Amino acid sequence: MSERKETTASAHRGQSVVERLAAPHSGPVPFSVEFFPPRDEAAEARLWRAVRVFERMNPAFVSMTYGAGGSTRDRTVRIAGELATETTLLTVAHLTAVNHSVDELRALVGAYADKGIVNLLALRGDPPGDPLGEWIKHPEGVEYASELVELIGSLGEFNTGVAAFPEGHHRSPDLDADTANLVRKLRAGAEYSVTQMFFDVEDYFRLRDRVVAADAEQGAKPLIPGLMPITSLASARRMTELSGSTIPADVEKRLVAAAGDGPEEDKAAIREVGIDLCAEMAQRLIDDGAPCLHFCSLNFTKATSEVLERIGVDTRGALVGA
């Protein structure tokens, strides 16, 4: 790593997400990128190609989702540490309560701290194998994400974020209960929240309004919208099904029209519409004061880079060969 990069990385390492959001940025709004743990060496190589592309664009932060159990978990912790120590990126590590005792959670927080990671996203987590299945608390673990936030806070000087759900979490009985749960997590010490991906900006605005109405102090904390440029209709349908979210009817109509009537969807047309839709959403969110845009990258770069370019972010050559 060059001397300049070492200086930048060192400066970022001690910062919180909220501090990074308040720092100067080159585009109309800060942005961040979500990666997920690769399953093999080829996927890991692709991840690192994406990391280097996004690093040139200076995101406010990047996050690494959590692979529970076995080698996937170990790879998650290792790669998150490498992001924190071998790049200039401020790294946020996801941490989930599912299938973990309190002692294991403490050990994981310690493992992240040993790698210089002080920004964590505290999640209750979904059951492995069936995200929509029954959630069963570990007998020696915690029941709710708010308890995980409190646990992290008891272990040292960490900066914690939580998840938010514009359409409501699929396990919440209604939107009021879901909003109350988000407020509870923020009151427990979370400094910001990142939403599940969504495709209707009105859902985000309504969530923001509900949180402010429920607790103005907590409503002042950054609520970061999660976006994903759709490049495959089949994949988007599958992801929303697994997450308990939906594709709005008007969005579905545009995507279906682009897919065409052939036996295989028209991927180029789907991609074009998907990027259009994401850029339109991003611009509305910027215009209405969203503090940051968080992109689910799926460890690819081109679609997110094109959306960023459309909204005025200097991609600094990232689109070339990305």
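In the block above lies the structure referred to throughout.
Residue indices follow the written sequence of each chain, beginning from 1 at its first position. A pLDDT threshold of at least 70 governs which residues receive local features in this predicted model, and a stricter bar of 80 or more applies before side-chain atom pairs are shown or counted, although totals over entire chains, interfaces and linings include all residues. Excluding hydrogens and water, the side-chain figures rest on all heavy atoms present in the structure.

1. Here's the deal with the overall build of the protein chain
Line of reasoning, step 1. By definition, any uninterrupted DSSP run of H or I lasting at least four residues is a helix, any uninterrupted run of E lasting at least two residues is a strand, and each is numbered from the N terminus. In terms of regular secondary structure, the protein chain is built from 13 helices and eight strands.
Line of reasoning, step 2. Computed over C-alpha atoms, the radius of gyration of the protein chain comes to 19 Å, within 12% of the 20 Å expected from 2.2 N^0.38 for 322 residues, which places it in the range of a compact globule.
Line of reasoning, step 3. When a residue's accessible area, from a 1.4 Å probe over protein chains only, is under 20% of the maximum for its type it is buried; when over 50% it is exposed; and in between it is partly exposed. A total of 322 residues make up the protein chain; the buried ones form 53% of that total.
Line of reasoning, step 4. Accessible surface is estimated by sampling points in the Shrake-Rupley manner with a 1.4 Å probe; for residues, cover comes only from the protein chains shown. As presented, the protein chain carries roughly 14300 Å² of accessible surface, and 50% of it is formed by carbon and sulfur atoms. Using C-alpha atoms as the atom set, the radius of gyration is obtained and then compared with a globule rule of 2.2 Å times the number of residues to the power 0.38.

2. Some words on helix H5 (residues 102-114)
Line of reasoning, step 1. The first and last C-alpha atoms of H5 sit 18 Å apart over 13 residues, in line with the 18 Å expected at 1.5 Å per residue.
Line of reasoning, step 2. Taken as a whole, H5 has its buried residues at Val102, Leu105, Leu108, Val109 and Tyr112. Along H5, the residues classed as buried sweep out an arc of 120° about the axis, all on the same side. Facing away from the buried side of H5, by more than 90 degrees, are the exposed residues Asp103, Ala107 and Asp114. A helix is expected to span 1.5 Å for every residue after the first. Working note: the arc is built from the helix axis to C-beta atom directions.

3. Regarding the packing of helix H7 (residues 175-187) against helix H8 (residues 201-214)
Line of reasoning, step 1. In this analysis an axis means a line fitted to C-alpha atoms, helices contributing only their contacting stretch, and an angle means the value between N-to-C directions, from 0 to 180 degrees. Interhelical geometry of H7 versus H8 gives an angle of 65° and a closest axis separation of 10 Å. Between H7 and H8 lies a crossing of right-handed hand. From H7, Leu175, Thr179, Leu182, Val183, Leu186 and Arg187 reach across to H8, where they touch Leu207, Arg210, Val211 and Ala214.
Line of reasoning, step 2. Charged means Asp, Glu, Lys or Arg here, nonpolar means Ala, Val, Leu, Ile, Met, Phe, Trp, Tyr, Cys or Pro, and polar covers whatever is left, Gly included. Looking at the contact of H7 with H8, its residues break down into seven nonpolar, one polar and two charged. In a left-handed crossing the near helix is turned counterclockwise from the far helix by less than a right angle, and in a right-handed crossing that turn is clockwise. Here a residue-residue contact requires only that any non-hydrogen atoms of the pair lie within 4.5 Å.

4. Looking at unusual backbone geometry
Line of reasoning, step 1. Its identity is not glycine, yet Asn58 carries a phi of approximately 55°, on the positive side.
Line of reasoning, step 2. The topology assignment puts Asn58 in the loop between helix H3 (41-55) and strand S2 (61-64).
Line of reasoning, step 3. Despite not being glycine, Leu298 shows a phi value in the positive range, around 55°.

5. Things to note about the packing of aromatic side chains
Geometrically, a pair of aromatic rings is defined through the distance of the ring centres and the angle of the planes.
Line of reasoning, step 1. The aromatic pairing rule takes the rings of Phe, Tyr and Trp, using the six-membered ring of Trp, and pairs them if the centres are within 6.5 Å, calling planes under 30 degrees apart stacked, those over 60 edge-to-face and the rest tilted. Scanning the model with the defined rule gives three aromatic pairs in all.
Line of reasoning, step 2. Note on Phe35 and Phe54: the rings are 6.1 Å apart at their centroids and 55° apart in plane angle, and the pair reads as tilted. Taken together, the residues span a long stretch of sequence, with Phe35 in strand S1 (residues 31-35) and Phe54 in helix H3 at a distance of 19 residues. Of the two residues, Phe35 and Phe54, both sit in the buried class.
Line of reasoning, step 3. Here Phe198 and Tyr204 contribute two aromatic rings whose centre-to-centre distance is 6.0 Å and whose plane-to-plane angle is 10°, an arrangement assigned as stacked. The same class applies to Phe198 and to Tyr204, which are both buried.
Line of reasoning, step 4. Cluster of aromatic residues (ring-pair linked, three or more members): Phe198, Tyr204 and Phe205.

6. Focus: the sheet that holds strand S3 (residues 91-96)
Line of reasoning, step 1. Paired strands are those between which DSSP finds at least two bridges. Here we have eight strands rolled up into a closed barrel, ordered S1-S2-S3-S4-S5-S6-S7-S8, and parallel in their pairing. If you compare each strand with its neighbour and ignore which way they point, the axes differ by 30° on average.
Line of reasoning, step 2. For strand S7 (residues 223-227) and strand S8 (residues 293-296), the ladder comprises two bridges, and the chain directions are parallel. Residue Leu227 lies in a different strand from S8, and its bridge partner there is Phe295.

7. A word on the pairing of strand S6 (residues 192-197)
Line of reasoning, step 1. Of all six residues in S6, six are buried; the element is thus mostly enclosed.
Line of reasoning, step 2. Pairing between strand S5 (residues 159-164) and S6: four bridges, direction parallel. If you follow Ala164 over to S6, its bridge partner there is Thr195.
Line of reasoning, step 3. At this point the chain moves from S5, through H7, to the parallel S6, and the crossover so formed is right-handed.
Line of reasoning, step 4. As judged from the three bridges shared by S6 and S7, these two strands associate in the parallel manner. Each bridged residue has a counterpart across the sheet, and for Met197 the counterpart in S7 is Gly226. Handedness rule for crossovers: strands pointing away from the viewer, path from the first strand over the helix to the second running clockwise, crossover right-handed.

8. Concerning the side chain of His94
Line of reasoning, step 1. In this fold, His94 is placed in strand S3.
Line of reasoning, step 2. Side-chain atoms alone can form a polar contact between residues adjacent in sequence; in general such a contact is a pair of N or O atoms within 3.5 Å, and within protein one must be able to donate a hydrogen while the other accepts it. Side chain to side chain, His94 and Ser63 meet in a polar contact 3.4 Å long.

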